Structures are given as C-alpha cells and as structure tokens.
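These are the residues of each chain, in order.
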Amino acid sequence: MKYRWLGGFLCLILVLTSFSTVAAQTYLFQVEAQKVNLFINEDGSASIEYTIDFYNEQSADPIDFVDIGLPNSSYDLSSITAEIDGKPISHIKRSQYVNPGIELGLGSDAIKPGSRGQVHVWIGNVSNMLFKTSIEGKGEYASFNFVPNYFGSQYVKGSTLMEVTLYLPPGIEPEEPVYYTPKNWPGAEEPVSFIDDQDRVYYNWSADNANAHSEYLFGAAFPLSMVPEAVV
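No experiment lies behind these values; they were computed from the predicted model shown. (Residues numbered from 1 in each chain as written. Predicted model: local features only at pLDDT ≥ 70, side-chain atom pairs only at ≥ 80, totals over all residues. Heavy atoms only, no water.)

**Quick notes on the pairing of strand β13 (residues 160–167)**
- Buried residues dominate β13, accounting for six of its eight residues.
- Inspection of the sheet shows strand β2 (residues 29–40) paired to β13 by seven bridges, in the parallel sense. Each residue of the ladder has a partner; that of Val36, found in β13, is Val164.
- With seven bridges joining them, β13 and strand β16 (residues 201–210) adopt antiparallel strand pairing. Looking at the pairing, Leu166 lines up with Tyr203 of β16. (Buried < 20%, exposed > 50% of the residue type's maximum accessible area, 1.4 Å probe, protein only. Helix = DSSP H or I, 4+ residues; strand = E, 2+ residues; numbered from the N terminus. Pairing = 2+ DSSP bridges.)

So, in structure tokens, the structure goes:
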C-alpha cells in the first residue's frame with residue numbers, strides 16, 4: 001500500500017557516502033550497478049547490505065579507499081564485514097571524512113585505472129532507526145526512512161542500475177504495512193511487493209537510469225506491535 005510522507009521524519013536519516021580524498025589524488029569512476037538491501041529486524045535494529053560495482057576511469061588514480069555513510073552513529077562496528085571481488089577487507093574503521101560512516105581500505109586490491117571491482121558491505125547492527133507515527137485508519141505504527149549511499153558528483157559519472165529493497169520484520173500480513181512514495185527517484189513510484197521465504201514483506205524498487213550521486217529517499221511503516229516499543 002502506498003502512503004504519503006509524513007513531514008516529521010522527512011530528513012531524520014541522511015546517508016552520505018564519499019570517497020576519501022587524499023592530496024594530489026584524482027578519483028573519477030562509474031558506479032555501474034548498486035544493490036541495496038535494508039532489513040528491519042525483530043528486535044527493532046536494522047541491517048544494511050550494499051553491493052556496488054565500480055568502473056575506475058583510465059585517467060584516475062586507483063580506488064584505494066571507499067567511505068560508506070551510515071544512517072546514524074548508533075552502529076556496531078564489529079558487526080560490519082566487507083569484501084572486494086570476494087576477498088575480505090580487513091581495514092574497516094570509522095571514517096575520517098564521512099560522519100557517521102566507515103572507511104574501507106582496499107590495500108593491494110585497490111581498483112586500478114581502467115578496471116572494474118565489486119565492493120560488498122554488510123552492516124549487521126544499526127539501532128535508533130524507528131520512529132512512532134500514527135497511520136490513519138490503522139493506528140500506531142513504527143516508521144523509518146532511508147537514503148542509500150551516494151557519492152560526490154565530482155567523483156562519479158554516468159548512470160547506475162540501482163535496486164533498493166526494504167525488508168520488514170517477519171510475521172506482518174501483506175495488507176498491514178505501508179510504503180512511502182520515493183523522493184527524487186527516477187524509476188516507478190510503486191514498488192514490487194512480495195513475502196520472502198522468511199515471512200518478511202518487502203518492497204523493491206529498481207531503475208536503470210539512476211545515478212550514484214543523487215539522494216533517493218525511501219521509507220515504510222508497519223504495526224508498532226511487531227517490534228519492542230522501547231526501541232521506537
């Protein structure tokens with residue numbers, strides 16, 4: 001079900017993503033595809049998964065660091081894992097450039113000029129994501145919004161095949177949750193909605209004409225009773 005945005009939480013969560021900037025280095029790349037999964041867990045925490053396909057321009061320096069912004073500072077750094085082309089990334093620290101955010105050091109697996117690389121990130125535990133709201137005709141709901149990572153427009157060029165999926169806690173009936181019309185999204189406003197094999201209702205949006213430097217705002221709400229009220 002589609003629902004209007006409630007102004008009280010339009011800008012509560014802002015995810016910023018940029019590349020670490022180092023003097024005398026030039027970053028210029030394309031994000032050919034980005035897949036984003038956001039899971040709202042039964043305990044009210046969130047887990048976020050990114051799969052990002054980069055092409056590094058031939059005129060640029062190697063992509064040696066990637067900074068990933070997070071929704072807020074209430075995240076467990078030890079819950080985060082990442083890989084570059086399937087190889088574990090050991091350098092995962094709090095970002096010096098994006099706050100709140102993390103930095104991924106690619107080390108010897110830096111993406112060379114004229115080459116491609118896929119970065120996969122799993123952020124296992126982010127709290128303070130949910131806010132209480134009232135849905136007309138439905139009662140008290142837990143609500144959230146989310147801006148997937150984006151990069152500075154000076155670093156990225158071209159279009160991006162982007163897919164964003166919001167997974168709700170298990171056990172919700174299909175007619176109970178609502179989604180909010182995406183903001184600034186170039187694709188269809190209405191998502192594809194199904195229930196997965198873990199009994200989670202999910203909303204999926206995709207667009208082949210997105211880009212990796214714009215802010216796209218998504219969100220949804222579900223019955224407050226599905227998570228501990230104390231975490232909302």
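From this point on, the discussion continues.
**With respect to the pairing of strand β7 (residues 91–94)**
- Pairing analysis gives four bridges linking β7 to strand β8 (residues 101–105), with the strands arranged antiparallel. Counterpart to Ile92 in the pairing with β8 is Leu104.
- From the end of β7 to the start of β8, which pair antiparallel, there are six residues.

**Looking at the environment of Asp109**
- Relative to the elements of secondary structure, Asp109 occurs in the loop between β8 and β9 (116–126).
- In this structure, the C-alpha to C-alpha distance between Asp109 and Glu83, residues 26 residues apart in sequence, is 10.0 Å.
- Look past the residues within four positions of Asp109 in its chain and what remains in contact with it is Ile84 and Lys87. (Contact = heavy atoms within 4.5 Å.)

**What to know about the packing of aromatic side chains**
- Overall, the coordinates contain 14 aromatic pairs when judged by the stated rule.
- With centroids separated by 5.2 Å and ring planes inclined at 70°, the aromatic side chains of Trp185 and Phe218 adopt a geometry described as edge-to-face. Remark: Phe218 occurs in strand β17 (residues 218–223) and Trp185 occurs in the loop between β14 (178–180) and β15 (192–195); sequence separation between them is 33 residues.
- The rings of Tyr179, Trp185, Tyr203, Trp205, Tyr216 and Phe218 are connected pair by pair, giving a single aromatic cluster. (Phe/Tyr/Trp six-rings, centres within 6.5 Å; stacked < 30°, edge-to-face > 60°.)

**Quick look at the confidence of the model for the chain**
- Per-residue confidence for the chain averages 91 on the pLDDT scale, and 90% of its residues sit at or above 70.
- Note that pLDDT drops below 50 for residues 4–24; the model gives that stretch 75 contacts with residues more than four away or on any other chain. (pLDDT = per-residue confidence, 0-100.)

**Observations regarding the sheet that holds β7**
- The antiparallel open sheet is built from three strands, whose spatial order is β4-β8-β7. The open sheet terminates on both sides in strands that have one partner only, identified here as β4 (65–69) and β7. Averaged over neighbouring strand pairs, the angle between their axes works out to 25° when direction is ignored. (Axes fitted to C-alpha atoms, helices over the stretch in contact; angles between N-to-C directions.)

**A closer look at the side chain of Asn41**
- Along the chain, the position of Asn41 falls in the loop between β2 and β3 (46–56).
- The class of Asn41 is buried, set by a relative accessible area of 16%.
- Among all residues touching Asn41, those that are not within four sequence positions of it are Ala46, Ser47, Gly124, Pro169, Arg200 and Val227.

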